[in-house]
Amino acid sequence: MSAPAGIPPRSAAVPGGARAPAAAARPPPCQNGPVQNQMQFPFGYGLHLENYSASSGHYPPVPHEAVPSQLNNQYVADYHSACYSIPVQSVMTTSVGPSMLNTQQLYSGAPHPVESAGGLTQGAISSASHLHTSVPQSYSAVSSHYSSSTSSSVASQGFPLSSGRYAMPTVSSAVYPNLSYPSMSVGSPYGQVFTSQSLPAVGQFEETNTFPDQSSTVPRTLQQQVPLGYNSTSWSTSDFQSAQDNFSRNNTGSLAKASNQINTVGIVDSSHPVSQNVQFTKPGVETSVVSSAVTSSIRTPVGDHLTEPASVPSNTQPSESLLQEAIDSSSTTSSASPVINNYDALEGGGYPETNSAASSPAPTPQTSRTPKPFGYGYPTLQPGYQNATPSTSAMQPSNPGHHSGFQQYPQQYPGVNQLSSTLGGLSLQHSQQPESLRPVNLTQDRNILPVSPVLAPVPNLNSDLRKLNCSPDSFRCTLTNIPQTQALLNKAKLPLGLLLHPFRDLTQLPVITSSTIVRCRSCRTYINPFVSFIDQRRWKCNLCYRVNDVPEEFMYNPLTRSYGEPHKRPEVQNSTVEFIASSDYMLRPPQPAVYLFVLDVSHNAVEAGYLTIVCQSLLENLDKLPGDSRTRIGFITFDSTVQFYNLQEGLSQPQMLIVSDIDDVFLPTPDSLLVNLHESKELIKDLLNALPTMFINTRETHSALGPALQAAFKLMSPTGGRISVFQSQLPSLGAGLLHSREDPNQRSSTKVVQHLGPATDFYKKLALDCSGQQTAVDLFLLSSQYSDLASLACMSKYSAGCIYYYPSFHHSHNPAQAEKLQKDLKRYLTRKIGFEAVMRIRCTKGLSIHTFHGNFFVRSTDLLSLANVNPDAGFAVQMSIEESLTDTSLVCFQTALLYTSSKGERRIRVHTLCLPVVTSLADVYAGADVQAAVCLLANMAVDRSVSSSLSDARDALVNAVVDSLSAYISTASNLQQSSLIAPNSLRLFPLYVLALLKQKAFRTGTSTRLDDRIYAMCQIKSQPLVHLMKMIHPSLYRIDRLTNEGAIHVNDRVVPQPPLQKLSAEKLTREGAFLMDCGSIFYIWIGKSCDNSFIKDVLGYPNYASVPQKLTQLPELDTLSSERARSFISWLRDSRPLNPVLQLIKDESPAKTDFFQHLVEDRTEAAFSYYEFLLHIQQQICK
Amino acid sequence: MAFTFAAFCYMLSLVLCAALIFFAIWHIIAFDELRTDFKSPIDQCNPVHARERLRNIERICFLLRKLVLPEYSIHSLFCIMFLCAQEWLTLGLNVPLVFYHFWRYFHCPADSSELAYDPPAVMNADTLSYCQKEAWCKLAFYLLSFFYYLYCMIYTLVSS
C-alpha cells in the first residue's frame, strides 16, 4: 500500500495522453486506492464508472488492489488515453486461472498467432517441468528484493498472456480476464467486458480469491511497481501473482473448478450477448474506436475483432488443460517464497542477474527504447565508463512523438550510418580517465584482489542496449570493446575470443513458438534485440546488414496483443530466447531420450566399490531422468567379456547375455536390450539392485573397454542418445587396448611432459562414429592407477560428452571421492539434456571465428556438432578481425543452439551479445575482461601443450602477460618506466596467469600424475567460465569469525559475506579457520591454535586435537556461528550445479598439501611467488 | 645433343611433377570440400545429413592421409635424382620444400603418426585455412617447377 506512494506521478507529466479525447478527464495519479480512482474518472465514462463501482462492490478493496490500479492509471495516461483506465482497475481482483483461460482463447481467436501464443505458454510450462534442478539454484542466488523484480520480468518476457491486436483492447481484455474476449465479437468490447464481469459466476470465483489478495507482501508490491512502462507486463504479472496465491493458499481443485465454471459462463455469454450493460457501453465503444485510430496506425480494430469469436468455444479444452498444467507446475515448486518459485516453474529458465535490467524500465525509456536505433550508443560513452546510466531525460524528447501514434515512428530511427559517422570520432578523453584505465602499479600495490568476487565488466553501451544485452554468464567476450582493426588488436596484444555457456540452467527464459522463425535471409541470423527496424515492415540485420522484410505474422505482438509493433516482440526484447522449432528443422522425428550405461565389472572395479553408488544413485533418480514416455534405457557390463541385459517387459527377471567374442562383438538380440524405462521399470530396478552383488566374487582382472564401446555404439546407432561409461583401469583387451605410458619418475620433471596426446585413434574414431549417430559418450574414470586418460578422453571430447575423473577412488578408503561421485551422479542424471544438437556462432561481418574449444566436433567451419549438450558444458572460440569495422559502432555475436529436448521437442536457444567498437588502444584496454581473457588463454595453452609442448604453452602464457603489459606501458608514455604498470582492468592478469602456471594442467616441477594433468586440461577445455575461474584461482575466506556485516539475505536466511583473502600463506593464521572454494571441492583449513569456540560451535568437537582427520560435513549445531558458517557454505554450494565436496584439513594432516598447492601467490620450490613473477615480467618487458 | 642422365632426370621429374600438380589440386578441392558444407543451414542441422557429412569428412581425411607419403616420397625422389645428376641449382630450389616436408612429417602433434589429418584437428578453421594456403603454395611451386624442368630438359638435351 505504501509502496506506490513513492512512485512519481509520471502520468501527469507525460504529454502523450493529452491528445486523447478524454485527456482532460484523465485521472491524476492517486495513491490511495480504487475508490478515489473511480471518483476522478472522466465524465464521458460515467456509465462505466457506475458499472465499475458496482463490480468493485463485489471485490473488497483489498490493500494490494490499490497498487496496480494506480500503476495502470499511470500507464494508461502515458500511453493511451485515460478512458481505458477504468477497466484496468479490476485486474487485481480477478485471478489468474481465468485470465489464462482467457488468453488462450484470445490466441486462438487471432488468426496467426494463435498457436504461437498458446504453444508458447505451454512450452514455457513444459520446459519448466523438466528443469527440476535448475530452479532452486538460480533462485537462491537472487536476493529477496531482487527476486521480486525477477518475477515481474518473467511475466514480461516469457508470457505474452495478455496480448492482443490493439493496444486498446489489450487493456480491456487484460482487465477482465473473465472472458472479456468473447465479447469483442459483438463489436462493443467494453459492454461485453462489463457483462461478463457482473455475472454471478465471477462473484463466486471472486470469493475464492479475495483472501490471498489480502496477504500482499512487500516483494509483491515491488513487483508491481516494476512494470510501470510495460503494460502487458503488469497484467501478466499480477495475473500470475494472484494465481500464485491461489495455488499456494487455496484448494487447488476448487480453483480449477471455479475457473472452469467461469469459462463456460463466459462462452455462453459470448454467444448471447447480455443486454443490460450493452447500451451503457456503446458510447465507450465509440470513443475507443476513435482513440484507437489515434494510437494504432494502420489497421482498424473493429474488423479484426469481428473475425475472432468463432473459435472461442473450441478453446475451452486447451485452456483448461493449460490451467491444470499451471497448477501442477506451481504446486510442485511452491515453498518458502512462492512467488518466484512459481515463475521459475512456469518459465523454466532464467538468469537472475539480468532480470533487473530487463524488468525495470521506467516508462519513458521504455517507449524510446522500442525503436532501438544504434544511435544512443556513443554519446553516453563517458558516463558509461563510470557506470552511470545515461539520464532518462535525454530520452524523453523523443517520447511525445511516440505517444502520439505510430505514424511518426519511422522518424525515430536515425540513419545508422549517419550516426556512426558522427560518433566515430568519439573516444575516451584521458583527462577524465575511466576507472578501468586507472593505472595500477602492480609491484607496489599489494592488495589488488578485491574483497568481493570479480564481476564481468559491463560493455560500454547505452543503458537501453545494456539492459537488453546477454547475461555475462552465458556469453562473454575477452574484450568488451572490440578494436576496430586487426592492427589495433595486434597492438593491444590481448586475445580476442568468446566464452560461452549456452545451455546454462536458466530460471527464466522466454520461449517462443511461431510457425515462422524470423531470420535474416542471407546470413540466417535470428532476429534479435540489436537489429534495427528501418520502418515497420523491414528490419536490417545487425550481422550482415541485409535489409529483410518483417513477415506478416511478426507484426502481431502476442505480448502486448497489438498489431504493428514488431519491435516489441519478445524476440526483439530479449537477447536470450528459445524458439520451438517448426518441422522444417527436423527431417526425422525427434529422437527419444536414450540412456545406456556401460559399467566396468572387472575385479578392480568391484574392489573399488563404485557399482553400489552408481546403482543406488540410478535407483534414486530413475524417475527424475529427463525424458518422456518414450525414454529408453539399457545396461552393458564388461570385464574380459561383454554382458548384455535383456530387460524386455514381461520377463520375470533380467536376463544376462554374455558375448565372449570380443574381437567381433555383436548384439545378442536386436531389441529388448534398450527398453522403455516406464514399461520395464520393475526389471530395471531388479537389475540395479542385483548388479552390485552380482560380480562380487569375480576374478577377472582384464577390461575389454573397446569391444564394450563398440557394442554400445551398435546398440545406440539407430536412435542416438547418451552412453555413460564407467571405467576403472587401463583397457587391456580387444580393440583400443592401451599400455601404460607414464613414467612415475617423470612426474615432477621440469622438462618435457610427454604423452599428452592420445596413444591410439581408436577412441577418437569411435567418438566420431558416435557423433555421426548423435550419440555422446560420457566417461567416468574411477581409477587408482594410471589409465591413460589422454587416450580415453577422446571418446568424450569428440562426441560432445563430458569427463569425470575420480583419482584413487575407493568407496570406503576414500569417502570424499565416493561422496563426490554420488553428488556428481545426482546432478548428472537429473540435469537437463539436449540431444542431436548443433551450435552455430555468428558474428558481425568483418569478424571471423577461427578456433573452437570445448567438447564437440566441428562439422563445417562454423557449425559445431554436439551429439548431446548439457547445462555444464562451456565453450570458447577465438576470433580475428578480417575486415576493419569502420562502418559500424556496434558488433554482435549470436549463438544459436538447436537441440532436441528430452521431451522430444526441437528447440533453438539463441543468445545475442552486442559490444561497441572502439578505435583507440586505451579503450581496448579499458574494456578488457581479464577473467575471460585468462580462460581463453588457458584453452589456447591446452591446445599448445598437446600440439607442441608444455613448456611452449607455459612460455606462451607468460608472453601473453608480458606482451600485453608492455604494449600498455608503451601507449601510456607518461608513466614512469621503472615500475610495472597495468590498467585497472588488467590488474589481475599477472596473478591469474601465475595461478594458471601453477594449475595442475600446466605446472612443472611439482609432482603431478599424468592423468591428473590431462583431466585438468579436459576441464579447462570444457568448463564454463565461472567454474573454470574457481579452478584457476580459488576463493579463500576466513570463516572463524563470520559477522553479519554486509551480509545478504537469501530466502530468509542471512548469508555472511566474508572478504576474499589473498591466496597466500601470509593470510593464514594459526588462530583462524579458512575456507577455500576450488569450484568442485571446498577445503576448510583449521590452524593449530584455532579458537576453541569455533571448533566447539561450528565443528562440534571440544578442542583441536579431537577433530578427526577426515571430516566431510559440518554438523548442524544450534549456535549462531555454526548457522552462519553453514549458511555461507550452502550459499556457495547453491551457486553452482555441481555440489562440491567439503574436506576438512587440519594443519598437520598430510592432506594439507592439497590445500597449500592452491596458495598461488606463494613461492614453491619450482615456481615463482607472485612478487617474483611480477619482477620476472618487468624484466622481460625491459628487455 | 645427347641423352644425359640429367636429361633423363628432368624428363622423369616432368611426369612426376604432373602427378604432384594433380595432388595439389586434389588437396585444394578436398580442403574446400571440408570447409564448406553445401547444404542449406536447415539441412545442416538435420541429423541424417550430419551422418553423411561426417562420413564424407572422414573419407576425405582418410584419403588425405593416404596421399601424404606418396607426395613426400615423390618429391624426395626428385631431390635424390638431381643430387645424383649434380644439378645443383635445381636441387637448391627443391631443398627448402624437402625440409618443410620432413618437418611436417616428423613434427606430428600426436604420439602416433597415423593421426595426421585427423578429422577434428583438420576441421579447425585455423588449421584448415593453413592447409589450404599450403596447398595453393605447393600448386604454384609445382607449376613453376614443371615449366622449369621442361626448360631445363630441353636445355640439357640441346646444349650437351
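Above this text is the structure in question.
Note that this is a predicted model, so its numbers are computed, not measured. (Residues numbered from 1 in each chain as written. Chains lettered and ligands numbered in written order. Predicted model: local features only at pLDDT ≥ 70, side-chain atom pairs only at ≥ 80, totals over all residues. Heavy atoms only, no water.)

1. Focus on the overall build of chain B
Point 1. Broken down by element type, chain B carries 6 helices and 0 strands.
Point 2. Across chain B, helices and strands are ordered from the amino to the carboxyl terminus as α-α-α-α-α-α.
Point 3. Taking all 160 residues of chain B together, 48% fall into the buried category.
Point 4. Sequence separation of at least 24 residues holds for 83% of the intrachain contacts in chain B that already meet a minimum separation of 6.
Point 5. Entry remark: accessible area of chain B is about 8,100 Å², with carbon and sulfur atoms responsible for 74%. (Helix = DSSP H or I, 4+ residues; strand = E, 2+ residues; numbered from the N terminus. Buried < 20%, exposed > 50% of the residue type's maximum accessible area, 1.4 Å probe, protein only. Contact = heavy atoms within 4.5 Å. Areas by Shrake-Rupley, 256 points an atom, 1.4 Å probe, with all protein chains shown as cover.)

2. A word on unusual backbone geometry
Point 1. Of note, Gln 774 of chain A is a non-glycine position whose phi angle comes to about 60°, a positive value.
Point 2. Within the secondary structure, Gln 774 of chain A sits in the loop between helix H35 (762-772) and strand E19 (775-781).
Point 3. Of note, the phi angle at Gln 86 of chain B is positive, near 60°, even though the residue is not glycine.
Point 4. Residue placement: Gln 86 of chain B occurs in the loop between helix H3 (47-85) and helix H4 (88-106).

3. As for the packing of H4 of chain B against helix H6 (residues 125-159) of chain B
All names here are of chain B.
Point 1. It is the contact of H4 with H6, at a shortest axis distance of 12 Å, that shows an interaxial angle of 155°. Taken together, the axes of H4 and H6 lie roughly antiparallel to each other. Helix-helix and strand crossings are classified by hand; for H4 and H6 the assignment is left-handed. Across from Leu 89, Thr 90, Leu 93, Asn 94, Leu 97, Tyr 100, His 101, Trp 103 and Arg 104 in H4, the residues of H6 making contact are Tyr 130, Cys 131, Glu 134, Lys 138, Phe 141, Tyr 142, Tyr 148 and Tyr 149.
Point 2. By residue class, the composition of the contact of H4 with H6 is 11 nonpolar, 3 polar and 3 charged. (Axes fitted to C-alpha atoms, helices over the stretch in contact; angles between N-to-C directions. Parallel < 35°, antiparallel > 145°, perpendicular 65-115°, else oblique. Left-handed = near helix turned anticlockwise from the far one by under 90°. Nonpolar A, V, L, I, M, F, W, Y, C, P; charged D, E, K, R; others polar.)

4. Let's talk about the packing of aromatic side chains
Residue and element names in this part refer to chain A.
Point 1. Taken as a whole, this structure holds 35 aromatic pairs over all chains when the rule is applied.
Point 2. Measuring from centroid to centroid gives 4.6 Å for Phe 780 and Tyr 804, while their planes differ by 10°, and the two rings are stacked. Of this pair, Phe 780 sits in strand E19 while Tyr 804 sits in strand E20 (residues 803-805), placing them 24 residues apart in sequence.
Point 3. Ring geometry for Tyr 1083 against Phe 1155: centres 6.3 Å apart, planes inclined by 80°, an arrangement best described as edge-to-face. Residue Tyr 1083 is found in strand E34 (residues 1081-1086), and its partner Phe 1155 is found in helix H47 (residues 1152-1156); the two are separated by 72 residues along the sequence.
Point 4. Taking the relative accessible area as the measure of exposure, Tyr 1083 reaches 6% and is therefore buried.
Point 5. What links up through ring pairs into an aromatic cluster is the set Tyr 610, Phe 726, Phe 780, Tyr 804 and Tyr 828.
Point 6. The ring of Tyr 526 is capped by Arg 519, whose NZ or CZ atom sits 4.1 Å from the centre of that ring. (Phe/Tyr/Trp six-rings, centres within 6.5 Å; stacked < 30°, edge-to-face > 60°. Lys NZ or Arg CZ within 6 Å of the ring centre and 35° of its normal.)

5. Quick word on the pattern of salt bridges
Point 1. In total, this model carries 30 salt bridges over all chains according to the counting rule given.
Point 2. A salt bridge links Arg 630 of chain A to Asp 628 of chain A, with the nearest nitrogen and oxygen atoms 3.4 Å apart.
Point 3. For Asp 628 of chain A, a relative accessible area of 17% gives the class buried.
Point 4. With a closest N to O distance of 3.0 Å, Lys 138 of chain B and Glu 71 of chain B form a salt bridge. Highlighted residues: Lys 138 of chain B in helix H6 and Glu 71 of chain B in helix H3, separated in sequence by 67 residues.
Point 5. The network of salt bridges with common partners includes Asp 505, Arg 827, Arg 831 and Asp 872 of chain A. (Salt bridge = Lys/Arg side-chain N within 4 Å of Asp/Glu carboxyl O.)

6. Points about a nonpolar patch on the surface
Residues and elements named next belong to chain B.
Point 1. A contiguous nonpolar patch, built from Leu 143, Phe 147, Leu 150, Ile 154 and Val 158 and spanning about 440 Å² of accessible area, is present on the exposed surface.
Point 2. In this structure, Leu 150 sits in helix H6.
Point 3. The exposure class assigned to Leu 150 is partly exposed, which follows from its relative accessible area of 30%. (Patch = residues over 30% accessible without salt bridge, like charges linked within 9 Å, V, L, I, M, F, W, Y side chains within 5 Å.)

7. Regarding the interface of chain B and chain A
Interfaces are often sized by the accessible area lost when the parts come together.
Point 1. Taken residue by residue, the interface counts 32 residues in chain B and 38 residues in chain A.
Point 2. Approximately 3,000 Å² of surface area, both sides summed, lies buried where chain B meets chain A, with 56% of it carried by carbon and sulfur atoms.
Point 3. Where chain B packs against chain A, one counts 1 salt bridge.
Point 4. Among the ionic pairs, Asp 761 of chain A bridges to Arg 65 of chain B, the shortest N-O distance being 3.8 Å.
Point 5. The interface formed by chain B and chain A includes 1 residue pair in polar contact (both at pLDDT 80 or more).
Point 6. Contributing elements (two or more residues each) for the side of chain B that touches chain A: helix H1 (5-35), helix H2 (41-44), H3, helix H5 (119-122) and H6 of chain B.
Point 7. Here the side of chain B that touches chain A is built from residues that sort into 15 nonpolar, 5 polar and 12 charged. (Buried area = accessible area lost by both parts, 1.4 Å probe. Polar contact = N/O pair within 3.5 Å; in protein donor to acceptor, adjacent residues only side chain to side chain.)

8. Topic: the environment of Leu 980 of chain A
Residue and element names in this part refer to chain A.
Point 1. Relative to the helices and strands, Leu 980 resides in the loop between helix H41 (950-971) and strand E28 (981-983).
Point 2. Of the residues examined, Leu 980 reaches a relative accessible area of 0% and is grouped as buried.
Point 3. Considering only alpha carbons, one finds Leu 980 and Val 440, 540 residues apart in sequence, at a separation of 8.3 Å.
Point 4. With sequence-adjacent residues up to four places away left out, Leu 980 is seen in contact with Val 440, Asn 441, Leu 442, Thr 443, Leu 965, Ile 969, Leu 1174, Ile 1177, Gln 1178 and Ile 1181.

9. A look at the state of the cysteines
Point 1. Per the stated rule, a full pass over the model turns up 0 disulfides over all chains.
Point 2. Its sulfur unpaired, Cys 523 of chain A is 3.4 Å from the next cysteine sulfur, which belongs to Cys 544 of chain A. (Disulfide = S-S within 2.5 Å.)

10. Re the sheet that holds strand E33 (residues 1073-1077) of chain A
Hydrogen bonding along the main chain pairs the strands of a sheet, whether they run parallel or antiparallel.
Residue and element names in this part refer to chain A.
Point 1. The strand order across the open sheet built from 5 strands is E32-E29-E33-E34-E35, with neighbouring strands paired in mixed fashion. Looking at strand neighbours, the two that pair on one side only are strand E32 (1060-1061) and strand E35 (1141-1146), the edges of this open sheet.
Point 2. Sheet topology note: the E34/E35 ladder contains 6 bridges and is parallel. Each bridged residue has a counterpart across the sheet, and for Trp 1085 the counterpart in E35 is Ile 1145. (Pairing = 2+ DSSP bridges.)

11. Some remarks on the pairing of strand E24 (residues 863-869) of chain A
All names here are of chain A.
Point 1. Of all 7 residues in E24, 7 are buried, a share of seventy percent or more.
Point 2. Pairing of strand E21 (residues 834-843) with E24, which is carried by 6 bridges, proceeds in the antiparallel orientation. Among the inter-strand pairings, Gly 834 is bridged to a residue of E24, identified as Val 869.
Point 3. Adjacent in sequence and paired antiparallel, strand E23 (residues 857-860) and E24 are bridged by 2 residues.

12. Comments concerning H35 of chain A
Residues and elements named next belong to chain A.
Point 1. Of all 11 residues that make up H35, 9 are buried, and the element is covered over most of its length.
Point 2. What H35 keeps buried is the set Phe 762, Tyr 763, Lys 764, Leu 766, Ala 767, Leu 768, Cys 770, Ser 771 and Gly 772.
Point 3. Trailing H35 by a residue or two, Gln 774 shows a phi angle of about 60°, which is positive.

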